[in-house]
Amino acid sequence: MFKKIWSFVLFLIACPFGGVYGLQDFPFSLGVRDSLMIAHSFHGHPSFGPAGGMHGATYTCDVDFLAEELHPETNWVIDIGKALDILSRVLSRYNLKNLDEVFPDKTMTTTEFMCKQIHDDMRELLKSECENFKGAVRIKLWESHKAWATYTGPPGSGGDDEL
């Protein structure tokens with residue numbers, strides 16, 4: 001009960017300062033990396049200039065698994081092999097695909113959008129395959145060595161100690 005109350009107090013304090021899932025809340029992390037190649041367009045939208053038409057992109061995808069504490073038995077954030085496997089399977093849904101066909105409703109498949117999509121796909125697999133992982137997941141998609149986008153989702157649903 002005390003942990004629930006303390007977590008709620010920390011939540012209230014953190015909200016005005018940028019939310020509850022900043023790095024300060026998760027001292028431990030494990031990162032994995034993979035890449036994917038996609039084709040897509042922005043459906044001729046004028047805001048995207050020449051990129052509004054069909055073009056390709058090669059992304060580097062970094063995933064950080066963030067945790068408040070290490071697993072009590074294994075002293076890890078998450079099994080690195082399982083993390084790599086899940087990332088590989090998620091990216092295979094998009095690798096070497098035309099995202100205009102994967103998302104046929106004229107979705108603007110920006111790098112920011114794809115960060116969130118990859119995050120949500122990762123969360124689904126984590127829920128069923130890594131039920132002990134209760135931390136947050138941060139996706140970083142690199143468009144180049146000069147440009148990237150990130151999405152950090154809230155901590156996963158867990159047992160009675162979660163809010």
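The coordinates are above.
Procedures and definitions
Residues numbered from 1 in each chain as written. Predicted model: local features only at pLDDT ≥ 70, side-chain atom pairs only at ≥ 80, totals over all residues. Heavy atoms only, no water. Pairing = 2+ DSSP bridges. Helix = DSSP H or I, 4+ residues; strand = E, 2+ residues; numbered from the N terminus. Contact = heavy atoms within 4.5 Å. Axes fitted to C-alpha atoms, helices over the stretch in contact; angles between N-to-C directions. Buried < 20%, exposed > 50% of the residue type's maximum accessible area, 1.4 Å probe, protein only. Expected span 1.5 Å × (residues − 1). Core = buried A, V, L, I, M, F, W, Y, C linked by side-chain atoms within 4.5 Å.

*Asks:* Please explain the sheet that holds strand β1 (residues 28–40) as it appears in this structure.
*Replies:* Hydrogen bonds between backbone atoms are what pair the strands of a sheet, whose relative direction is either parallel or antiparallel. If you trace the five strands from one edge of the open sheet to the other, you get β3-β1-β2-β4-β5, paired in mixed fashion. A strand with exactly one partner marks an edge of an open sheet, and here the two such strands are β3 (97–98) and β5 (148–152). Where β1 meets strand β2 (residues 55–67), 13 bridges bridge the pair, whose relative direction is antiparallel. Residue pairing in the sheet places H40 in a bridge with H55 of β2. Packed onto the sheet, helix α2 (residues 80–92) meets β1, β2 and β3 and runs at close to 20 degrees relative to β1.

*Asks:* Help me out: how do you make sense of the pairing of β5 in this one?
*Replies:* Note that strand β4 (residues 136–142) and β5 share five bridges and pair antiparallel. Looking at the pairing, R138 lines up with T152 of β5. Here β4 folds back onto β5, and the loop between the two strands holds five residues.

*Asks:* For this particular structure, what's the right way to read the environment of G81?
*Replies:* Tracing the backbone shows G81 in helix α2. Residue class for G81 comes out partly exposed when judged on its relative accessible area of 40%. Along the sequence, G81 and V32 sit 49 residues apart, while their C-alpha atoms lie 9.4 Å from each other.

*Asks:* Whenever I open this one, helix α4 (residues 111–129) confuses me. Can you help?
*Replies:* Helical periodicity: at 3.6 residues per turn, an α-helix aligns residues three or four positions apart in one direction. End to end, α4 covers 26 Å across 19 residues, agreeing with the expected 27 Å (1.5 Å per residue, within 8%). Turning to α4, its buried residues are T111, M114, C115, Q117, I118, H119, D121, M122, R123, L125 and L126.

*Asks:* Where do I start with the nonpolar core in this structure?
*Replies:* One recurring pattern in soluble globular proteins: nonpolar side chains tend to sit buried together. Membership of the largest hydrophobic core comes to 32 residues, with the highest contact counts inside it found for C61, V63, F65, I78, Y94, I118 and M122. Of all the secondary structure elements, the ones that give two or more residues to this core are β1, β2, α2, α4 and β4. F65 has contacts with F28, S29, L30, V32, V77, I78, A83, M122, L126, F133, A136 and V137, leaving out every residue within four places of it along the chain.

*Asks:* Looking at this structure, I do not really get the pairing of β4. What am I missing?
*Replies:* Along any regular strand, the residues point their side chains to alternate faces of the sheet. Burial analysis of β4 places six of its seven residues in the buried class, the great majority of the element. Bridging between β2 and β4 involves seven bridges; their strand directions are antiparallel. Residue pairing across strands places L66 opposite A136, the latter belonging to β4.

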